Amino acid sequence: MNVATALQDQAELREEEEALVDTARAFVPRLREASAEIDRLARIPDDIADEFHKVGIYKMTIPRAYGGLETSISTWRRVVTEIGRGDAGAAWSVTLNTCCNWMASGFYPRAVTDRIFGQPGSVTAGVFSPRGVKARRVEGGIHVEKAIWFFNSGVPQANWDLLGVPLLKGSDKATDAGQMEGAGVALIPTSDLTLLNDW
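The structure reproduced in this document is the subject of the present report. (Residues numbered from 1 in each chain as written. Predicted model: local features only at pLDDT ≥ 70, side-chain atom pairs only at ≥ 80, totals over all residues. Heavy atoms only, no water.)

**Let's talk about the pattern of salt bridges**
To keep it simple, the criterion reads: Every case where a carboxyl oxygen of Asp or Glu lies within 4 Å of a side-chain nitrogen of Lys or Arg is listed as a salt bridge. Working definition: helices are DSSP H or I runs of at least four residues, strands are E runs of at least two. Numbering for both runs from the N terminus. We call a residue buried when its accessible area falls under 20% of the maximum for its residue type, exposed when it is over 50%, and partly exposed in between, using a 1.4 Å probe and counting protein chains only.
Taken as a whole, this structure holds nine salt bridges when the rule is applied. Measuring nitrogen to oxygen at the nearest pair gives 2.7 Å for the salt bridge that ties R25 to D22. Of this pair, R25 and D22 both sit in helix α1 (residues 3-26), three residues apart, roughly one helical turn. The class for R25 is partly exposed, based on a relative accessible area of 35%. Given the relative accessible area of 41%, D22 is considered partly exposed. With its nearest N and O atoms 3.1 Å apart, the salt bridge here joins R43 to D46. Overall, D46 belongs to the partly exposed group, its relative accessible area being 48%.

**Examining the layout of surface pockets**
This is how the line gets drawn: Put plainly, a pocket is an open set of points on a 1 Å grid over the protein atoms alone with protein on both sides within 12 Å along at least five of seven lines, a cavity is a set where a 1.4 Å probe fits but cannot get out, and a lining residue has an atom within 4 Å of a point. Grid points are joined across faces, edges and corners, and a volume is the space filled by probe spheres set on the points. Under the scheme applied here, ten amino acids are nonpolar (Ala, Val, Leu, Ile, Met, Phe, Trp, Tyr, Cys and Pro), four are charged (Asp, Glu, Lys and Arg), and all others, including Gly, are polar.
In this structure, the largest pocket encloses a volume near 1,000 Å³. In this structure, the largest pocket is lined by 38 residues; those nearest its centre are F151, N152, V155, L195 and L196. Put simply, the parts of the chain that give the lining of the largest pocket at least two residues each are α3 (35-41), α6 (88-107), β3 (141-149), β4 (160-168) and β6 (180-189). By residue number, the principal contributor to the lining of the largest pocket is β3, which donates seven residues. A class-by-class count of the residues in the lining of the largest pocket yields 22 nonpolar, eight polar and eight charged.

**With respect to the state of the cysteines**
Selection criterion: Throughout, disulfides are identified as pairs of cysteine sulfur atoms within 2.5 Å of each other.
Within this structure, the stated rule accounts for zero disulfides. C99 takes part in no disulfide bond, and the closest cysteine sulfur, belonging to C100, lies 7.0 Å away.

**A word on the packing of aromatic side chains**
Here is the rule: Here a Phe, Tyr or Trp ring, Trp counted by its six-membered ring, pairs with any other such ring whose centre lies within 6.5 Å, and the pair is stacked when the planes are under 30 degrees apart, edge-to-face when over 60, and tilted otherwise. Two conditions define a charge sitting above a ring: the NZ of Lys or the CZ of Arg must be within 6 Å of the ring centre, and it must be within 35 degrees of the ring normal.
In total, this model carries four aromatic pairs according to the counting rule given. Judged by centre distance (5.5 Å) and plane angle (70°), the ring pair of W102 and F107 falls under edge-to-face. A network of ring pairs unites the aromatic residues F27, F52 and Y58 as a single cluster. Directly above the aromatic system of F150 lies the positively charged group of R131, at a separation of 5.4 Å from the ring centroid.

**Thoughts on the environment of R78**
Spelled out, the test is: Every residue pair with non-hydrogen atoms within 4.5 Å of one another is taken to be in contact.
Within the secondary structure layout, R78 lies in helix α5 (residues 73-86). Counting along the chain gives 57 residues from R78 to V21, while the straight-line C-alpha distance between them is 6.4 Å. Excluding residues that lie within four positions of it along the chain, R78 makes contacts with E18, V21 and R25.

**What about the packing of α6 against helix α7 (residues 110-117)?**
As a reminder, the rule being used: Every axis corresponds to a line fitted to the C-alpha atoms, with the helix fit spanning only the stretch in contact, and the corresponding angles, defined between N-to-C directions, vary from 0 to 180 degrees. An angle below 35 degrees is read as roughly parallel, one above 145 as roughly antiparallel, one from 65 to 115 as roughly perpendicular, and any other as oblique.
Interhelical geometry of α6 versus α7 gives an angle of 140° and a closest axis separation of 8 Å. The orientation of α6 relative to α7 falls into the category oblique. For the pair formed by α6 and α7, the contact residues are N101, A104 and S105 on the first element and T113, I116 and F117 on the second. Per-class residue counts for the contact of α6 with α7 are three nonpolar, three polar and no charged.

**A word on the nonpolar core**
Rule in force here: Note on terminology: a nonpolar core comprises buried Ala, Val, Leu, Ile, Met, Phe, Trp, Tyr and Cys residues joined through side-chain atoms within 4.5 Å.
Ranked by internal contacts, the top residues of the largest apolar core, which has 26 residues, are F52, I57, I83 and V94. At the level of secondary structure, the elements contributing two or more residues to this core comprise α1, α4 (46-55), α5 and α6. If one sorts the elements of this core by residue count, α5 sits on top with four residues. Residues within four places of F52 in sequence aside, it is in contact with F27, L31, I44, I57, Y58, I83 and V94.

This is the structure we're talking about:
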């Protein structure tokens, strides 16, 4: 690749990212109009979330190798800020989804990220503070038998959830008894979870 081609590619990326900021800005009036509904639902309404998907907002922090936009942190911040001008709760939700996408795409082995982001439209959510977890270690990971976590903003838009689980010393179980040796993060399809509307 020569210098001219590299500069042209950078210019195209900047234009693409500016267009995404403009798109987020265009949502402001709609989000303001939907503010009461967002408060009532305690989540982004499905029609707005679907449009966020279509325009690529949830793909901002997903690598290009998986069809994501892999935007700069500056663009990500500007997009979330524009959404927040429309509705702070919607911005919070998008922030958590896109941060969890970034974490999941960067912290897990390739076989895991292929499984998550190999599915078009994948979005993750996460909460790392459980209220109670009954789980056990198994070969290659952790088996969560039963658990409940605190508020998990953005989970209605997600198909994978990053959920914190405690790990215990001297035991093959991660339960609420015993000496904790650390924390793990279970990656669970949201289809395997029951979502409680307890906000």
